[in-house]
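This is what each chain is made of:
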Amino acid sequence: MNDGAAGRAARPKRADARRNEKTLLDAAAAVFVTSGVDAPIRDIAAEAGVGTATIYRHFPTRADLIIAVYRHQIESCAEAGPALLEAGPTPYAALGRWIDQFVDFLVTKHGLADVLRSDQAGFEALHAYFLDRLVPVCARLLEAAAAAGEIRPGQDALELMRGVGNLCIGADDPRYDARRMVTLLIAGLRQS
């Protein structure tokens, strides 16, 4: 590869290209929630207000799109933690709102494991990225709520996130309200 090509490849995306990609990823996430990761690309294109060719230009394969949605939502969830803590009325309220967003993320990623089954290394890297980005955010929220005397101290972020994840299994069953169960779990953290 010549130096000119290398420079073009390393150049960051323009702001409008980043916005367009975010719009596509948000639309895909919304469609994945309602229809699963196997939803037709035309449904995602319609939700985003673009043609299918635009989606394929950004994401040549379905796996590329699913991974991009997953990473995008990890980043959104990671960025939300500090913002909620700063803007929230209390650290406990910020934790509750962040957990709500985390639940939304978990519901969206339903079906990801099936798509990535053939790429174990890729799945492991994505899982490591998930842990590296989200566990510290959850830990910071827990520590702030404990320091404010709102929850019992010593809560483990990874354990809480696993508990929430386990409560979200089966969320596609209309007879089961995962969000209500997660709310009970979070209420159980309160200082008595």
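Residues numbered from 1 in each chain as written. Predicted model: local features only at pLDDT ≥ 70, side-chain atom pairs only at ≥ 80, totals over all residues. Heavy atoms only, no water.

Trainee: How should the overall build of the protein chain be read in this particular structure?
Mentor: If you tally the helices and strands in the protein chain, you get ten helices and zero strands. Reading the protein chain from its N terminus to its C terminus gives the helix and strand order α-α-α-α-α-α-α-α-α-α. Burial status across the protein chain gives 36% buried among its 192 residues. In the protein chain, the share of contacts with a sequence separation of at least 24, taken over all contacts with a separation of at least 6, comes to 67%. Element-wise, carbon and sulfur atoms account for 52% of the exposed surface of the protein chain, whose accessible area totals about 10,900 Å². (Helix = DSSP H or I, 4+ residues; strand = E, 2+ residues; numbered from the N terminus. Buried < 20%, exposed > 50% of the residue type's maximum accessible area, 1.4 Å probe, protein only. Contact = heavy atoms within 4.5 Å. Areas by Shrake-Rupley, 256 points an atom, 1.4 Å probe, with all protein chains shown as cover.)

Trainee: Honestly, the packing of aromatic side chains in this entry has me stumped. Any pointers?
Mentor: Any two aromatic rings considered together are summarised by their centre-to-centre distance and by the angle between their planes. A full pass over the atoms with the stated rule returns five aromatic pairs. Between W98 and F102, the aromatic rings sit 5.6 Å apart at their centres with planes inclined by 5°, giving stacked as the arrangement. Of this pair, W98 and F102 both sit in helix 6 (residues 91–108), separated by four residues, roughly a single helical turn. Neither W98 nor F102 differs from the other in exposure class; each is buried. Taken together, a centroid distance of 6.1 Å and an interplanar angle of 25° make the contact between F102 and F130 stacked. You can see F102 sitting in helix 6 and its partner F130 sitting in helix 8 (residues 120–147), a full 28 residues away along the chain. (Phe/Tyr/Trp six-rings, centres within 6.5 Å; stacked < 30°, edge-to-face > 60°.)

Trainee: Looking at this structure, I do not really get the pattern of salt bridges. What am I missing?
Mentor: Inspection of every chain in the model, using the stated rule, returns five salt bridges. Here E75 ties to R133 by a salt bridge, and the two come within 2.8 Å at their closest N and O atoms. Note that E75 is positioned in helix 5 (residues 62–87) and R133 in helix 8, a separation of 58 residues in sequence. The exposure class of E75 is partly exposed, given its relative accessible area of 22%. Note that R179 is salt-bridged to D104, the shortest N-O span being 2.4 Å. (Salt bridge = Lys/Arg side-chain N within 4 Å of Asp/Glu carboxyl O.)

Trainee: Help me out: how do you make sense of helix 10 (residues 178–187) in this one?
Mentor: Side chains that are three or four residues apart share a direction in an α-helix, a result of its 3.6 residues per turn. Inspection of helix 10 places A178, V182 and I186 among the buried residues, and these make up the whole buried set. Seen along its axis, helix 10 keeps its buried residues to an arc of 75°; they face one direction. (Arc of directions from axis to C-beta.)

Trainee: What am I meant to see in the nonpolar core here?
Mentor: Grouped together as the largest cluster of nonpolar side chains are 36 residues, with contacts concentrated most on W98, I99, F102, L134 and V164. For this core, the secondary-structure elements that each account for two or more residues are helix 5, helix 6, helix 8, helix 9 (157–168) and helix 10. Of the residues forming this core, the biggest block, eleven residues, is contributed by helix 8. The contacts of F102, once residues within four sequence positions are left out, are C77, F130, L134, M161 and V164. Residues L24, V31, F32 and I44 belong to the second largest nonpolar core, which totals 19 residues. (Core = buried A, V, L, I, M, F, W, Y, C linked by side-chain atoms within 4.5 Å.)

Trainee: Any chance you could explain the packing of helix 9 against helix 10 here in plain terms?
Mentor: The angle between the axes and the distance between the axes are what describe a pair of packed helices. Packing of helix 9 against helix 10 brings their axes to within 8 Å, and their N-to-C directions diverge by 155°. Between helix 9 and helix 10, the crossing angle belongs to the class labelled roughly antiparallel. Both helix 9 and helix 10 take part in a crossing whose hand is right-handed. Between helix 9, through L160, G163, V164, L167 and C168, and helix 10, the contact on the second element is made entirely by A178, M181, V182, L185 and I186. (Axes fitted to C-alpha atoms, helices over the stretch in contact; angles between N-to-C directions. Parallel < 35°, antiparallel > 145°, perpendicular 65-115°, else oblique. Left-handed = near helix turned anticlockwise from the far one by under 90°.)

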